[in-house]
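What follows is each chain in one-letter form.
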Amino acid sequence: TAARLAQLPDTDLTDAERTTPLLPAHPAYVIYTSGSTGRPKGVSVPHANVLRLFAATRDWFGFGPDDAFTWFHSFAFDVSVWEMWGPLLHGGRLVVVPFDVSRSPADFLALLVREGVTVLSQTPSAFYQLAQADARNPELSRELRLRRIILAGEALDLAHLGDWYGRHADDAPQLVNMYGPTETTVYVTYEPITEAMATANRGASLIGRGIPSLRMYVLDAALQPCPPGVPGEMYVAGANLARGYYARPVLSAERFVADPYGGPGERMYRTGDLVRWTTDGQLDYLGRIDDQVKLRGFRIELGEIEAALAAHPAVAQATVLVREDRPGDKRLVGYAVPAPEAHERDTVELAAEVRAHLTGLLPEYMVPSAVVVLEAFPLTVNGKLDRKALPEPDLAVTAGAGRRPETEREAQLCAVFAEVLG
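Keep in mind it's a predicted model, so treat the numbers as computed, not measured. (Residues numbered from 1 in each chain as written. Predicted model: local features only at pLDDT ≥ 70, side-chain atom pairs only at ≥ 80, totals over all residues. Heavy atoms only, no water.)

### Some thoughts on the overall build of the chain
When its secondary structure is counted, the chain shows 15 helices and 20 strands. Dimensions of the chain, computed from C-alpha atoms along their principal axes, come out at roughly 80 × 55 × 50 Å. Burial status across the chain gives 47% buried among its 422 residues. Sequence-distant contacts in the chain: of pairs separated by 6 or more residues, those separated by 24 or more amount to 63%. For the chain, the exposed area adds up to about 21100 Å²; of that, 54% sits on carbon and sulfur atoms. Counting 40 positive and 53 negative side-chain charges, the chain places the centres of these two groups 5 Å from one another. (Helix = DSSP H or I, 4+ residues; strand = E, 2+ residues; numbered from the N terminus. Buried < 20%, exposed > 50% of the residue type's maximum accessible area, 1.4 Å probe, protein only. Contact = heavy atoms within 4.5 Å. Areas by Shrake-Rupley, 256 points an atom, 1.4 Å probe, with all protein chains shown as cover. Lys, Arg positive; Asp, Glu negative; His and termini not counted. Charge placed at Lys NZ, Arg CZ, Asp CG, Glu CD.)

### What to know about the sheet that holds strand 12 (residues 244–245)
The strand order 1-2-12 describes an open sheet built from three strands, whose pairing is antiparallel. Lying at the two open borders of the sheet, with one neighbouring strand each, are strand 1 (27–33) and strand 12. For strand 2 (residues 41–46) and strand 12, the ladder comprises two bridges, and the chain directions are antiparallel. Counterpart to V43 in the pairing with strand 12 is Y245. (Pairing = 2+ DSSP bridges.)

### Focus on the sheet that holds strand 20 (residues 370–373)
Sheet architecture is open: three strands sit in the order 18-19-20, paired in mixed fashion. What marks the edges here is a single partner per strand, and that holds for strand 18 (315–326) and strand 20. Along the sheet, successive strands turn relative to each other by an average axial angle of 30°, direction set aside. Sheet analysis places strand 19 (residues 329–338) next to strand 20, joined by four bridges and oriented parallel. The residue of strand 20 that forms the bridge with G334 is V371. Its contacts with the sheet place helix 7 (residues 124–136) against strand 18 and strand 19, and it is angled at close to 135° to strand 18. (Axes fitted to C-alpha atoms, helices over the stretch in contact; angles between N-to-C directions.)

### Describing a nonpolar patch on the surface
The grouping of L51, W85, L88 and L89 at the surface amounts to a nonpolar patch, some 390 Å² of accessible area in total. Looking at the secondary structure, you find L88 in helix 4 (residues 79–88). (Patch = residues over 30% accessible without salt bridge, like charges linked within 9 Å, V, L, I, M, F, W, Y side chains within 5 Å. Salt bridge = Lys/Arg side-chain N within 4 Å of Asp/Glu carboxyl O.)

### Side note on the pairing of strand 9 (residues 205–210)
Side-chain direction in a regular strand flips from residue to residue, so the side chains alternate between the two faces of the sheet. Here strand 8 (residues 189–192) pairs with strand 9 via two bridges, running antiparallel. For Y190, the partnering residue across the bridge sits in strand 9 and is R209.

### Focus: unusual backbone geometry
With an omega dihedral of 0°, the bond running from A172 to P173 counts as a cis peptide bond. Even without a glycine there, the phi angle at V186 is positive, about 70°. Tracing the backbone shows V186 in the loop between strand 7 (174–179) and strand 8. Owing to a relative accessible area of 1%, V186 belongs among the buried residues under this scheme. One non-glycine residue, L223, lies in positive phi territory at about 60°. Of note, L223 is situated in the loop between strand 10 (214–219) and strand 11 (232–238). Note on L223: relative accessible area 29%, which makes it partly exposed.

### Structural notes on the packing of aromatic side chains
Tallied over the entire structure, the rule returns 15 aromatic pairs. Centroid distance F63 to F69: 4.9 Å. Interplanar angle 70°. Geometry classified as edge-to-face. Judged by relative accessible area, which is 12%, F63 ranks as buried. Note on Y245 and F256: the rings are 5.6 Å apart at their centroids and 65° apart in plane angle, and the pair reads as edge-to-face. One end of the pair, Y245, is in strand 12; the other, F256, is in strand 13 (residues 256–258), and eleven residues separate them in sequence. (Phe/Tyr/Trp six-rings, centres within 6.5 Å; stacked < 30°, edge-to-face > 60°.)

Put into structure tokens, the structure is as follows:
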């Protein structure tokens, strides 16, 4: 292959040499996202959308030849489009992060310093772990040259950023929360974060204002606009919508629908995300439309339990799942990563303390059957929280009121109690 390529001219192809002329509307990439039926769907995005994204955000970021970006995420995750083309379209430098380094916050922090990285993209789950490594290595942290950290891919809990701002100024680096489905070309909204916002404890993820080339709608079930403060589904319209789903015309028609507030032939994408307008024209992300679960007849918002779990001072990160480790036996299970000052504590005692904390805040049916304390949350190849990799809880420990069984006989009794108590 190398020999054949060496025989070809180093000039660009002409349209006569192509099978068909290359146009800005032609697909630049297809990225597959998960589908509710288990069949992934390919999102087809044209070349013009990528250029339009950087043109529309140029005034916010001012990228240039002095910038160094990390390529941290898999190219199956659309944040990688931003990571790769950000430096390449502006004459900057792209630092490819080895996979093992991406899974070691301490090694990744060292790479950021060594390579003089100025622009970093992270999911909140990955950044929380990097922030803990940053806290443990203050001398290395002081050598960072970062000027922008872009957080995206998951809902951002601003309360987790307080410790970061205890060591870093608002603009050194500037943290930015961005939101966007793959179907709308990486990013849709922009919200620069300040220390005051991180300490305000608002309880929702502020995703800010829309990118200039797009229009955001918050609509009810009848496609009528929701007033400020009223939750509704988010729809996105404008030039940066994907072409649709590759070879899936029916699904494309379901998700890319006619825009009743646009011109003839214009489309809008229904995101499935629940948001609300603030009184000053910004957007709060509230979760997925289908994030509600029903357990033993009760409708439960997992985000509400996660917020209560994260409110414990010894908890740095929290998530809650409905697990069904045995057929027909569904349980709420909480997972927590301890704050830096609690890392040396006994995990079983800490789990019992956190569960008691939840008992005092939530109704009984919303209290998890178990709380599992982990050193760090597992991440997917895209840097998002890997919920499928979270371990099954030890219900024998839970039945023992948070105390480890001291003998084999006691462990057997705890297992029996767990079975009886359900």
